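What the coordinates show
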Amino acid sequence: MDMAEIEKLKNTFPLLRELIALNEVTWFNPAITDAAEGLRHVGLTAEDVADASARLSRFAPYFEAVFPQTQITKGIIESPLSAIPSMQSALASRYKTDLPGKLMIKLDAYLPVSGSIKARGGIYEVLFHAESLATEAGLLSYSDNYAKLDSKEFRRFFSRYSIAVGSTGNLGLSIGIISATLGFNVSVHMSADARQWKKDKLRAHGVNVVEYQSDYSLAVEKGREEAENNPLCHFIDDENSTNLFLGYAVAGERLKTQFRDAGIVVSRENPLFVYLPCGVGGGPGGVAFGLKLAFGDNVHCIFAEPTHSPCMLLGVHTGLHDAISVQDLGIDNVTAADGLAVGRASGFVGRAMERLIDGYYTLTDQEMFDLLSLLDKTEQIRLEPSALAGMPGMQRILSDTSYLNRMDFTQEKLNNATHLVWATGGGMVPEEEMAKYLDVAGV
Ligand SMILES: *Cc1c(COP(=O)(O)O)cnc(C)c1O
């Protein structure tokens, strides 16, 4: 984008000046539609999600065998749901406002195997690939007990194939661990700034970690090249993969069951608000798709991004999607929120989901660190910075009267509402790293 184009955009969309100034902003999309209409534009269906869910069930006996920590959930990788009333009061004091309704947290940081939301989409994509290879080779059929994949024979079979991914963090951890466990040759291409403990952990699992002196986009390019030059190599494309997206979407039905079991009603009179940290968009987009399928018009999804990396807000607000990056506006994309440091959003997710996402907001890194410490103090829950991005969402919604009026949220509905913060990661952060995060907090 050249300077003249950027100037024109700033005049058409004054909000861009706020983004450039790195101010915290909240924007509710006036162009959202009802769920039925929005879902027709996604290009994927409830059947696709049901198929993904069935695939995960087929793999459950395998998970019980290789990851014994999944035995209590019978081989299903799922996270707990919990009310956080002490944090809710602490937030009301922090933001000096009433916060009616019930604040809850979805603890993807506690997902087994890799401790983040990437244990949904990332693992699912590798399972999909493994199942296709094994069934095509006549070694596996859907009716088999997949525990048989935990054998020398299958590991030898998968070792003929490789998997490549470019990632600085949680996606690399998820893909690396599950791929190596199945027996694949797996390469995780990482940029220079990736954290040492992640490289160490992957190497300990037998993953080939390739390091680059430059940034993330080069690491992704190299991963893609490796796959193009090798027909037996599968490249995992974080920006465009529908399989990743469907792996995330399974969360919708699962949450519906958890709410039912907990006796929490979601209806027109009892709306559900869900706050999702957004990087490239696949994780929050996929989860939101699953939520819309499960709860329809009664769920309202809001994406949260760092002030230094507001790529999805920028893409949807201007309608340019992946044709614009935060760097085009001179925004540096430097944030401590590892999973959210993305300058250009997925064009696939932005376009597929824009009618179904109520709003978008940004928050500063310092706010994430402060909330990280506050959640530790009030609820004894420890997360990584990215996972706190959803925490201010409740206050942002409740303070925007024009959104509340447009959506016909009466005081009574708001009193009956549930607000769910999707806590996307942090389960694998070592003690010493966590201590550093807590040190940065001003509370
Ligand atoms: C990856 C990640 C996200 C965002 O997911 P995207 O698919 O990149 O939008 C949020 N939180 C954490 C902890 C992550 O690792």
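Quick note: structure is the one above.
In short, a report on the structure.

Regarding the site of the ligand
As a structural note, the neighbourhood of the ligand is formed by 16 residues, with K118, N170, G281, G283 and T424 the closest of them. In the environment of the ligand, an oxygen atom lies 3.2 Å from a nitrogen or oxygen atom belonging to the backbone of G282. In this structure, G283 approaches the ligand through a main-chain N or O atom, which is 2.7 Å from an oxygen atom. Its free accessible area being 380 Å², the ligand has 98% of it covered by the protein chains. The element that contributes the greatest number of residues to the shell around the ligand is helix α13 (residues 282–295), accounting for three residues. The residue makeup of the shell around the ligand, split by class, is five nonpolar, nine polar and two charged.

Examining the state of the cysteines
Under the definition given, this model contains zero disulfides. Looking at the unpaired C311, the closest cysteine sulfur is the one in C278, lying at 5.7 Å. When its relative accessible area of 2% is taken as the criterion, C311 is described as buried.

Remarks on unusual backbone geometry
Of note, L22 is a non-glycine position whose phi angle comes to about 60 degrees, a positive value. Among the structural elements, L22 can be located in the loop between α2 (15–20) and β1 (26–28). Although it is not a glycine, H321 sits at a positive phi angle of roughly 45 degrees. Looking at where H321 falls in the secondary structure, it is placed in the loop between α14 (311–318) and α15 (347–353). The class of H321 is buried, set by a relative accessible area of 5%.

Looking at the packing of helix α11 (residues 242–249) against α13
Packing of α11 against α13 leaves a shortest axis separation of 7 Å and a crossing angle of 55 degrees. Taken together, the axes of α11 and α13 lie oblique to each other. Considering how the two elements wind past one another, α11 and α13 form a crossing that is right-handed. Contacts from F245, L246, Y248 and A249 of α11 reach α13 at G282, G283, G285, G286, V287, F289 and G290.

The rules behind the values
Residues numbered from 1 in each chain as written. Predicted model: local features only at pLDDT ≥ 70, side-chain atom pairs only at ≥ 80, totals over all residues. Heavy atoms only, no water. Near = heavy atom within 4 Å. Polar contact = N/O pair within 3.5 Å; in protein donor to acceptor, adjacent residues only side chain to side chain. Areas by Shrake-Rupley, 256 points an atom, 1.4 Å probe, with all protein chains shown as cover. Helix = DSSP H or I, 4+ residues; strand = E, 2+ residues; numbered from the N terminus. Nonpolar A, V, L, I, M, F, W, Y, C, P; charged D, E, K, R; others polar. Disulfide = S-S within 2.5 Å. Buried < 20%, exposed > 50% of the residue type's maximum accessible area, 1.4 Å probe, protein only. Axes fitted to C-alpha atoms, helices over the stretch in contact; angles between N-to-C directions. Parallel < 35°, antiparallel > 145°, perpendicular 65-115°, else oblique. Left-handed = near helix turned anticlockwise from the far one by under 90°. Contact = heavy atoms within 4.5 Å.

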